[in-house]
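The primary structure of each chain is shown beneath.
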Amino acid sequence: MSPAAASLGHRLRRFFALGRAQPRLGDRAEIDRLFRRTRLKMVVALTLGYAFFYTCRLGLSVVKKPLIDEGVFTVEQLGWIGAAFLWGYGAGKLVNGFIADRVNVRAFVVTGLAVSALLNLLMGSNSLVAVAFALWLVNGWAQGVGAPASVVGITQWFSGRQRGTMYGIWSTSHSIGEGMTYLGTAALVAWTAWRFAFWGPGLLCLAVALGLFLTLRDRPETLGLPPVEEWDATTNGRLPPQPMGAETSIGGEQLQLLKMPAFWVIGCATATTYVTRYAVNNWGILYLQEEHGYSLMEAGGLIGLNTIAGVGGSVAYGWISDHFFAARRPPLTLIFGLVEIAALLLIFFGPDDAWILGAGFVVYGFTLSGLIAVLGGLFAVDIAPKRAAGAAMGAVGAFSYLGAGIQETLSGLLIGQGTTMVDGVRHYDFSAAVWLWIGASVLSMLLAATLWRVRARP
């Protein structure tokens, strides 16, 4: 290895390495002040930062119709490109989740967002199917950094007693990011051209990555603070947790997680939830344009209602499950699942009325966001050892996006096979795809119900 390569490797290892623990601060008032201030900065930065990740992944969903109409890609090709992202994201989330438990959260989050931003700039400059497939595959991997690293940051700065509430707040990033994309990117494309669905978010997220680097922090110990469980216990007049025997390695705790049958059921439940989630996200605008005749802005606005309502759904799920169900997730999950299925039936089989469609999307977005929060990570983190939080999030993410990727391919094929040309006008048949999407939500609800007796790790 050349000296230059060795030097670069050394710098990268230092950049991503866990920060060194600093001597413990002695002033109790200073410890409390620094803990509270830094925790607020962390949850705000992680929530908003991960929201911006979404703007660099959903641009393709906004511009499917312009790409088809201009002859850039066919609907089947878009299905494969979308699937490439989801496969890359699932694999990236799995591997990056196991890495996130071992590295500096700030460095990892910033790198993932910056790489994704650069890939978007390249995507907006490309019209070749093979290149788009490769770019979106790698973009999926880069995007797979965000969620596991964010959850590790939350578990480092918030104790288990607050995890549901804080995770619910962080989960609003899904809806905030989707809303920014479906409203902001749709407006940008309407005023310019399809390429700006990638160029705009790419430039914006390079600036956001810099802001995250200046805001985020590593573990509390790197600031001379005690571990969060110790601080939380003493702050609330309880005895701090005592070590129980020999400490298990990070790898050992990650292996414990993979041996839990409940973890694998959670993975299957989240995979089927993500079939519906990404079906509506990635094909919903095209569905509304073709089935109901809405413009791009009108369709984006309706999908945007779903994402706005999701902000409340994430927070409500976390807070209600913590305060009314003592952190038991299955009862509230069943309630949210039933209401979500009812909302889907209203959207796809209800009256053709904009107000009713809007109401359906609001209820669907509210309940789906709660289900994403619990099945997409919270429940797995609940039952996982603390130092396997990133692995739990990453492995569940692999299930999630395996399901989403299969959906993308199947939806593209089903919609493509139902496409006909009448007098030079393309007509789509979404009926088979719609039943796939609804059936996935029903299966997810049934799988989650089998976890009724599973409780959070003490």
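In this numbering scheme, every chain counts its residues from 1 along its sequence in written order. Thresholds applied to this predicted model are a pLDDT of at least 70 for local features of residues and 80 or more for the giving and counting of side-chain atom pairs; totals over whole chains, interfaces and linings are not thresholded and use all residues. To get the side-chain values, take all heavy atoms of the structure and skip hydrogens and water.

S.K.: Give me the overall build of the chain: which residues, what numbers.
M.R.: Counting from the N terminus, the helices are the DSSP runs of H or I reaching at least four residues and the strands are the DSSP runs of E reaching at least two. When helices and strands are tallied, the chain shows 18 helices and two strands. Think of it in three bands: residues with accessible area under 20% of the maximum for their type are buried, residues over 50% are exposed, and the middle band is partly exposed, with areas taken using a 1.4 Å probe on protein chains only. For the chain, the residues scored as buried account for 56% of the 458 residues in total. Throughout, a contact is declared for two residues whenever any of their heavy atoms are within 4.5 Å. Residue pairs at least 24 apart in sequence account for 84% of intrachain contacts in the chain once pairs closer than 6 positions are excluded. What sets the accessible areas is the Shrake-Rupley method with a 1.4 Å probe; for residues, cover comes only from the shown protein chains. When the accessible surface of the chain is split by element, carbon and sulfur atoms take 68% of a total near 18,400 Å². Neither His nor the chain termini are counted; the positive set is Lys and Arg, and the negative set is Asp and Glu. Charge positions come from single atoms, namely NZ of Lys, CZ of Arg, CG of Asp or CD of Glu. The average position of the 33 basic charges and that of the 26 acidic charges among the side chains of the chain differ by 14 Å.

S.K.: Would you mind going over the side chain of T47 in detail, with residue names and values included?
M.R.: With respect to the element layout, T47 can be found in helix α2 (residues 28–55). Not counting residues within four places of it along the chain, the set of residues in contact with T47 comprises I169, W170, T172, S173 and I176.

S.K.: Explain the nonpolar core to me, and be specific about the residues and the numbers.
M.R.: Residues enter a nonpolar core if they are buried and are Ala, Val, Leu, Ile, Met, Phe, Trp, Tyr or Cys, with the set joined through side-chain atoms within 4.5 Å. Core analysis: the largest hydrophobic core is formed by 126 residues, its most contacted members being W170, F263, L288, F361 and W437. With residues up to four places along the chain from it excluded, the contact list for F361 reads V280, L288, L302, I303, N306 and I347.

S.K.: Explain the environment of V454 residue by residue, including any values.
M.R.: Within the secondary structure, V454 sits in the segment after α18 (431–449). As a C-alpha pair, V454 and I383 span 71 residues in sequence and 8.4 Å in three-dimensional space.

S.K.: Go over the side chain of T272, please, and point to the residues and values.
M.R.: Relative to the elements of secondary structure, T272 occurs in helix α13 (residues 261–292). Apart from residues no more than four positions distant in its own chain, T272 is found in contact with A440, S441, L443, S444 and L447.

S.K.: Now, about the packing of aromatic side chains: what can you tell me, with residues and values included?
M.R.: To pair, rings of Phe, Tyr and Trp, with the six-membered ring standing in for Trp, must have centres within 6.5 Å; the planes then decide the type, stacked if under 30 degrees apart, edge-to-face if over 60, and tilted in the middle. Summed over the entire model, instances satisfying the criterion amount to 25 aromatic pairs. Here, over-ring charges are defined by two tests on the NZ atom of lysine or the CZ atom of arginine: distance to the ring centre within 6 Å, and angle to the ring normal within 35 degrees. Cation over ring: R57 sits above Y89, and NZ or CZ is 4.6 Å from the ring centre. For R106, the ring lying beneath its charged end belongs to F213, and the centroid distance is 4.5 Å.

S.K.: Before we move on, could you go through the pattern of salt bridges and cite the residues and values that matter?
M.R.: Any Lys or Arg side-chain nitrogen found within 4 Å of a carboxyl oxygen on Asp or Glu counts as a salt bridge. Inspection of every chain in the model, using the stated rule, returns six salt bridges. In this structure, D32 and R28 form a salt bridge, with 3.2 Å as the shortest nitrogen-oxygen distance. With D32 and R28 both in helix α2 and four residues apart, the pair spans about one turn of that helix. For the salt bridge of K65 with E290, the shortest nitrogen-to-oxygen distance reads 3.0 Å. Taken together, the residues span a long stretch of sequence, with K65 in helix α4 (residues 64–69) and E290 in helix α13 at a distance of 225 residues. For E290, a relative accessible area of 25% gives the class partly exposed. Beyond isolated ion pairs, a larger network of salt bridges with shared partners links K65, D69 and E290.

S.K.: Residues and numbers for the confidence of the model for the chain, please.
M.R.: Confidence of the predictor in every single residue is expressed as pLDDT, which spans 0 to 100. Per-residue pLDDT for the chain has a mean of 85; in total, 92% of the residues score no lower than 70. Per-element mean pLDDT across the chain ranges from 67 in strand β1 (residues 420–422) up to 95 in helix α6 (residues 105–123).

S.K.: How would you summarise α6 if you had to cite specific residues and measurements?
M.R.: The first and last C-alpha atoms of α6 sit 27 Å apart over 19 residues, in line with the 27 Å expected at 1.5 Å per residue. Among the residues of α6, those classed as buried are V105, A107, F108, V109, V110, G112, L113, S116, A117, L119, N120 and M123. Counted as a polar contact is a pair of N or O atoms within 3.5 Å, where, for protein atoms, one must be capable of donating a hydrogen and the other of accepting one, and residues adjacent in sequence contribute only when both atoms are in side chains. Put simply, N104 is the residue that caps the front of α6, since its side-chain oxygen is 2.9 Å from the backbone nitrogen of R106. Any helix carries an expected span of 1.5 Å times its number of residues minus one.

S.K.: Which residues make up a nonpolar patch on the surface, and what values do they have?
M.R.: Taken together, the side chains of W80, W87, L137, V138, L402, I406, L410 and L413 define a hydrophobic patch exposed on the protein surface, amounting to about 680 Å² of accessible area. Among the secondary structure elements, those contributing two or more residues to the nonpolar patch are α5 (75–100), α7 (129–143) and α17 (389–417). If one sorts the elements of the nonpolar patch by residue count, α17 sits on top with four residues. Relative to the helices and strands, W87 resides in helix α5. Patches in this entry comprise residues that are over 30% relatively accessible and not in a salt bridge; like charges within 9 Å are linked, as are nonpolar side chains (Val, Leu, Ile, Met, Phe, Trp, Tyr) within 5 Å.

S.K.: Break down helix α12 (residues 250–258) for me, citing the residues and quoting the values.
M.R.: When we look at burial in α12, the residues that qualify are I250, E253, Q254 and L257. Along α12, the residues classed as buried sweep out an arc of 100 degrees about the axis, all on the same side. On its buried face, α12 is in contact with α5, α13, α16 (354–383) and α17. Starting at the helix axis, one direction is taken to each C-beta atom, and the arc is that of these directions.

S.K.: Residue-level account of the state of the cysteines, with values.
M.R.: In what follows, a disulfide is any cysteine sulfur pair within 2.5 Å. All chains considered together, the criterion is met by zero disulfides. No disulfide involves C56; its sulfur sits 3.5 Å from the nearest other cysteine sulfur, which is in C205. Judged by its relative accessible area of 0%, C56 falls in the buried class.

S.K.: Quick one: what's the story with the packing of α2 against helix α9 (residues 163–191), residue by residue and with numbers?
M.R.: Following both chains from N to C, one finds α2 and α9 inclined at 30 degrees, their axes separated by 7 Å at the closest point. Handedness of the α2/α9 crossing: right-handed. Contacts between α2 and α9 involve V43, L46, T47, Y50, A51, F52, Y54 and T55 from the first element and M166, I169, W170, T172, S173, H174, I176, G177, E178, M180 and T181 from the second. The residue makeup of the contact of α2 with α9, split by class, is 11 nonpolar, seven polar and one charged. In this description, a line fitted to the C-alpha atoms serves as the axis of each element, helices being fitted only across the stretch in contact, and the angle between N-to-C directions of two axes falls anywhere from 0 to 180 degrees. Here a crossing is called left-handed whenever its near helix is offset anticlockwise from the far helix by less than a right angle, and right-handed whenever the offset is clockwise. For this classification, the nonpolar set comprises Ala, Val, Leu, Ile, Met, Phe, Trp, Tyr, Cys and Pro, the charged set comprises Asp, Glu, Lys and Arg, and every other residue, Gly included, is treated as polar.

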